Amino acid sequence: GAVVSQHPSWVICKSGTSVKIECRSLDFQATTMFWYRQFPKQSLMLMATSNEGSKATYEQGVEKDKFLINHASLTLSTLTVTSAHPEDSSFYICSARGYYEQYFGPGTRLTVT
Amino acid sequence: SQQGEEDPQALSIQEGENATMNCSYKTSINNLLWYRQNSGRGLVHLILIRSKEREKHSGRLRVTLDTSKKSSSLLITASRAADTASYFCATAPPGGNKLTFGTGTQLKVEL
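Residues numbered from 1 in each chain as written. Chains lettered and ligands numbered in written order. Predicted model: local features only at pLDDT ≥ 70, side-chain atom pairs only at ≥ 80, totals over all residues. Heavy atoms only, no water.

Draft legend 1. Local environment of the packing of aromatic side chains. A full pass over the atoms with the stated rule returns seven aromatic pairs over all chains. Seen from their ring centres, A:Phe67 and A:Tyr92 are 6.4 Å apart, and the 45 degrees between their planes marks the pair as tilted. Note that A:Phe67 is positioned in strand S7 (residues 67-73) and A:Tyr92 in strand S9 (residues 90-97), a separation of 25 residues in sequence. Note on accessibility: A:Phe67 and A:Tyr92 belong to one class, buried. Arranged with centres 5.7 Å apart and planes meeting at 45 degrees, the rings of B:Tyr35 and B:Phe101 form a pair that is tilted. (Phe/Tyr/Trp six-rings, centres within 6.5 Å; stacked < 30°, edge-to-face > 60°. Helix = DSSP H or I, 4+ residues; strand = E, 2+ residues; numbered from the N terminus. Buried < 20%, exposed > 50% of the residue type's maximum accessible area, 1.4 Å probe, protein only.)

As structure tokens, this is what we get:
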């Protein structure tokens, strides 16, 4: 089946620094990718829809200047958490839309100290 | 919020028993999907049921959909310890591709 990878799988950073998370579709091209955030024992909340070659569409309440999304190619989308704070600590999951369904990455655990 | 509700929030059963999880949603849908998530991992797609379908089977999984009640259920038969995970339903709206996830059910299957 289709595979989506994320890198890194986990990252620890200090407050005020920026962190970039990559999401790649390994064996298919994805014009649309999605970024989700998940707090412990909670559901996935959609943050933004990433469209190749155009600006991302952010969900209500998500700060676009804080969570920068770049979908530079048909197989790569990146999420940069800028000036990270402890409240940004979370599990970030991307998904890529294939022909029939969405395929999810394994997630990235971000811890901001 | 468009997020659906799932119940129970947590379910603990013995290996070999059946597990039933329910999902309710709020708006019209095109498809409803069920996913499994092991702790700290990504989502695994289990089964998709279209709005015109009422029941679907896949191995030990049985999914039902009642669009009049805006609800779905996932039945796992003859559960195994390896089925221990969180289970989420997600809905896709007509003409759209954004998935809205339910609140999830944490299933624990004990030996």
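Draft legend 2. Local environment of the interface of chain A and chain B. Counting residues at the interface gives 21 residues for chain A, matched by 16 residues for chain B. Here chain A packs against chain B, burying approximately 1,400 Å² in sum over the two surfaces, 53% of which is carbon and sulfur. At the junction of chain A with chain B, the criterion picks out one salt bridge. For the pair chain A and chain B, the interface holds five residue pairs in polar contact (both at pLDDT 80 or more). Broken down by secondary-structure element, the contributors of at least two residues to the side of chain A that touches chain B are strand S4 (32-38), strand S5 (44-51), S9 and strand S10 (102-104) of chain A. The class makeup of the residues in the side of chain A that touches chain B is nine nonpolar, seven polar and five charged. (Contact = heavy atoms within 4.5 Å. Buried area = accessible area lost by both parts, 1.4 Å probe. Salt bridge = Lys/Arg side-chain N within 4 Å of Asp/Glu carboxyl O. Polar contact = N/O pair within 3.5 Å; in protein donor to acceptor, adjacent residues only side chain to side chain. Nonpolar A, V, L, I, M, F, W, Y, C, P; charged D, E, K, R; others polar.)

Draft legend 3. Inspection of the pattern of salt bridges at higher detail. Inspection of the entire model under this criterion finds five salt bridges over all chains. Between A:Glu59 and B:Lys98 there is a salt bridge, with the nearest N and O atoms lying 2.9 Å from each other. Separated into two different chains, A:Glu59 in the loop between strand S6 (57-58) and S7 and B:Lys98 in the loop between strand S9 (85-92) and strand S10 (100-101) make up a pair that spans both. Taking relative accessible area as the criterion, A:Glu59 reaches 21% and is therefore assigned partly exposed.

Draft legend 4. Just the sheet that holds strand S6 (residues 55-58) of chain B, in detail. All names here are of chain B. Spatially, the five strands line up as an open sheet ordered S1-S3-S8-S7-S6, and their pairing is antiparallel. A strand with exactly one partner marks an edge of an open sheet, and here the two such strands are strand S1 (5-7) and S6. Geometrically, the sheet is characterised by an average inter-axis angle of 15 degrees between neighbouring strands, direction not taken into account. Relative to strand S7 (residues 61-66), S6 is paired through four bridges, and the arrangement is antiparallel. Within S7, the position partnered with Glu-55 by the bridge is Thr-64. (Pairing = 2+ DSSP bridges. Axes fitted to C-alpha atoms, helices over the stretch in contact; angles between N-to-C directions.)

Draft legend 5. Representation of the state of the cysteines in the model. Per the stated rule, a full pass over the model turns up two disulfides over all chains. Here A:Cys23 pairs with A:Cys94 through a disulfide, and the sulfurs are 2.0 Å apart. Because the sign of the S-S torsion sets the handedness, a value of about 80 degrees for the bond joining A:Cys23 and A:Cys94 places this disulfide among the right-handed ones. Taken as a pair, A:Cys23 in strand S3 (residues 19-25) and A:Cys94 in strand S9 lie far apart in primary sequence, 71 residues in all. Per residue, the accessibility class of A:Cys23 equals that of A:Cys94, and both read buried. Two residues share a disulfide in this structure: B:Cys23 and B:Cys89, whose sulfurs sit 2.0 Å from each other. Disulfide B:Cys23-B:Cys89: the torsion about the S-S bond is 70 degrees, which places it as right-handed. Residue B:Cys23 is found in strand S3 (residues 19-24), and its partner B:Cys89 is found in strand S9; the two are separated by 66 residues along the sequence. With no disulfide partner, A:Cys13 has as its closest neighbouring cysteine sulfur the one in A:Cys94, 18 Å distant. (Disulfide = S-S within 2.5 Å.)

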